[in-house]
Amino acid sequence: MIGIFDSGIGGMTVAHAVEQLLPEYSLIYYGDIARTPYGPKSPKTIINYSIRNTEFLLNKGAELIIIACNSASSVATETLRKHFQVPIIEVITPAAKCAIESSRNGQIGIIGTRATVKSGIYPKTIGLRCPEFKVHQTACPLLVPLVEEGWLNKRETKMILRRYLHPLKDKQIDTLVLGCTHYPLLKKPIQARIGKRVKLIDSSTQTAQYVKEFLVRNPEIVSRQGRVTHRYYASDTTETALKVAEHIFSRPMELIIE
Ligand code: DGL
């Protein structure tokens, strides 16, 4: 069984992509809605939450963990890999690789939470492969609460996006990484604001593809016995969580609170 966690519902964009690309695998998801957002919190706190989330998924039978959260991937991957025996897959590498392949002019924009931007993980990962590339980052701390609240197409959301994306508009970027798994839900207004010529990189689909390739190379890691199940857990819920989840999957969803 594949285990996936995020600070809330944003990681469901990854889970949805995994369901579509790997329909033969069972999946279990944990959204830590009680503690969302992670982005403004310290690395130490995010690491502690990530350990707990991983333990939860392993106790339910997960054999591989996807950290479907850029903030947790930025600061907790190393610790989780040291702590746990199962493969831990993060979302930064697949998105960074795709951004490098997509960029023609070597000017890449990154939007993410404060934790992700502060960690410098994207400039580091891209710089290691392509030192000549320029990476321009902007933290967008208000976007996660807006998505969790279901404000996907509101005027206020577009105004905030305009403010956040403004500095990137002058940088001649041709590629923009949606460096937070909540942001694919804002793809339309982001694309409208940044312009059609800028390619958006969605870490959720890139990560699902990465997991697929990993499982082709390592088929013994995740078992495929019995009926395929997709179970979605959360540490709490809100009035809008289920609505946003159903928007992501385009089907009725059940969120099990535990
Ligand atoms: N989806 C998480 C990410 O990719 C959101 C983090 C947060 O809760 O602030 O970074």
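Here is a short report on the structure shown in this document. Residue positions within a chain follow its written sequence, with the count starting from 1. A pLDDT threshold of at least 70 governs which residues receive local features in this predicted model, and a stricter bar of 80 or more applies before side-chain atom pairs are shown or counted, although totals over entire chains, interfaces and linings include all residues. Side-chain measures were taken over the full set of non-hydrogen atoms in the model, leaving aside hydrogen atoms and water.

Observations concerning the overall build of the protein
Here a strand is any run of E in DSSP of at least two residues, a helix any run of H or I of at least four, and the numbering for each starts at the N terminus. When helices and strands are tallied, the protein shows 11 helices and 10 strands. Among the 258 residues that make up the protein, the fraction classed as buried is 57%. Any two residues whose heavy atoms approach within 4.5 Å are treated as being in contact. In the protein, once contacts between residues fewer than 6 apart in sequence are set aside, the share between residues at least 24 apart is 74%. The Shrake-Rupley method, run with a 1.4 Å probe, gives the accessible areas here. Residue values count only the displayed protein chains as cover. Entry remark: accessible area of the protein is about 12000 Å², with carbon and sulfur atoms responsible for 50%. A residue counts as positive if it is Lys or Arg and as negative if it is Asp or Glu; His and the chain ends are not included. The atoms used to mark charge sites are NZ of Lys, CZ of Arg, CG of Asp and CD of Glu. The average position of the 34 basic charges and that of the 23 acidic charges among the side chains of the protein differ by 7 Å. Three labels apply to residues, based on accessible area from a 1.4 Å probe with only protein chains included: buried if under 20% of the type maximum, exposed if over 50%, partly exposed otherwise in between.

Looking at the packing of helix 4 (residues 92-102) against helix 6 (residues 121-129)
For helices, the fitted axis covers only the stretch in contact; all axes are lines through C-alpha atoms, and the angles between them, taken along N-to-C directions, range from 0 to 180 degrees. Orientation of helix 4 relative to helix 6, taken along the N-to-C sense of each, is 55°, at an axis distance of 10 Å. By the angle between their directions, the pair helix 4 and helix 6 is classed as oblique. Here helix 4 and helix 6 pass one another in a crossing that is right-handed. For the pair helix 4 and helix 6, the contacting residues are Ile92, Thr93, Ala95, Ala96, Lys97 and Ile100 in the first and Ile121, Tyr122, Thr125, Ile126 and Arg129 in the second. Three categories are distinguished: nonpolar for Ala, Val, Leu, Ile, Met, Phe, Trp, Tyr, Cys and Pro, charged for Asp, Glu, Lys and Arg, and polar for the others, with Gly belonging to the last. Its residues assigned to classes, the contact of helix 4 with helix 6 shows 7 nonpolar, 2 polar and 2 charged. These descriptions rest on fixed angle ranges, namely under 35 degrees for roughly parallel, over 145 for roughly antiparallel, 65 to 115 for roughly perpendicular, and the rest for oblique. A clockwise turn of the near helix away from the far one marks a right-handed crossing, whereas an anticlockwise turn of less than a right angle marks a left-handed crossing.

Some words on the pairing of strand 8 (residues 199-202)
Of the pairings in the sheet, the one linking strand 7 (residues 175-179) to strand 8 comprises 4 bridges and is parallel in character. What sits directly across from leucine 176, in strand 8, is leucine 200. Being paired, for any two strands, means DSSP has found at least two bridges between them.

Some remarks on helix 10 (residues 203-217)
Taking 1.5 Å as the rise per residue, helix 10 with 15 residues should run 21 Å; its terminal C-alpha atoms sit 21 Å apart, in good agreement. Within the sequence span of helix 10, burial applies to Ser203, Ser204, Thr207, Ala208, Val211, Phe214 and Leu215. Seen end-on, helix 10 carries its buried residues on one side only, within an arc spanning 130°. Among the exposed residues of helix 10, those oriented more than 90 degrees off its buried face are Val216 and Arg217. Expected span of a helix, by definition, is 1.5 Å for each gap between consecutive residues, and there is one gap fewer than residues. Read the arc as the range of directions from the helix axis to the C-beta atoms.

As for the site of the ligand
Here a residue is considered near a molecule or strand provided that any single heavy atom belonging to it is located within 4 Å of it. Not every one of the 14 residues close to the ligand is listed here, only the nearest: Ser7, Tyr38, Gly39, Asn70 and Thr181. Any pair of nitrogen or oxygen atoms within 3.5 Å is treated as a polar contact; in protein, a donor-acceptor pairing is required on top of that, and neighbouring residues in sequence qualify only through side-chain atoms on both sides. A distance of 3.0 Å separates a nitrogen atom of the ligand from a polar atom in the side chain of aspartate 6. Between the ligand and asparagine 70 there is a distance of 2.7 Å, counted from an oxygen atom to a backbone nitrogen or oxygen. Contact with the protein chains covers 99% of the free accessible surface of the ligand, which is 300 Å².

As for the nonpolar core
Remark: nonpolar core denotes a set of buried residues (Ala, Val, Leu, Ile, Met, Phe, Trp, Tyr, Cys) joined through side-chain atoms within 4.5 Å. Counting residues in hydrophobic clusters, the biggest one holds 53 residues, and the most contacted among them are Ile2, Leu176 and Ile190. When residues no more than four places from it in sequence are discounted, the contact partners of isoleucine 190 are Ile111, Leu161, Leu165, Leu176, Leu178, Tyr183 and Leu200. Residues Tyr38, Ile51, Phe56 and Leu57 belong to the second largest nonpolar core, which totals 24 residues.

Focus: the packing of helix 1 (residues 12-21) against helix 11 (residues 241-249)
Each pair of packed helices can be described by the angle between their axes along with the distance between the axes. Their axes nearest at 10 Å, the elements helix 1 and helix 11 cross at an angle of 35°. The crossing of helix 1 and helix 11 is right-handed. Packed against helix 1, whose contacting residues are Met12, Thr13, Ala15, His16 and Glu19, the element helix 11 presents Ala245, Ile248 and Phe249 at the interface. In terms of residue class, the contact of helix 1 with helix 11 is built from 5 nonpolar, 2 polar and 1 charged.

Comments concerning helix 4
The element helix 4 is extensively covered by neighbouring structure, given that 9 of its 11 residues are classed as buried. Where helix 4 is buried, its residues touch helix 3 (70-83), strand 5 (107-112), helix 6, strand 7, strand 8 and helix 10.

Considerations on the sheet that holds strand 7
Pairing between the strands of a sheet is mediated by backbone hydrogen bonds and can be parallel or antiparallel. Across the sheet, which stays open at both edges, the 4 strands sit in the order 6-5-7-8 with parallel pairing between neighbours. The sheet is open, and its two borders are formed by strand 6 (134-139) and strand 8, each paired with just one other strand. Pairwise comparison of adjacent strand axes, ignoring direction, gives a mean angle of 25° for this sheet. The sheet contact formed by strand 5 and strand 6 spans 6 bridges and is parallel. From the neighbouring strand, isoleucine 108 faces strand 6, where its bridge partner is valine 135. The sheet strands contacting helix 10 are strand 7 and strand 8, and the helix crosses strand 8 at an angle near 55°.

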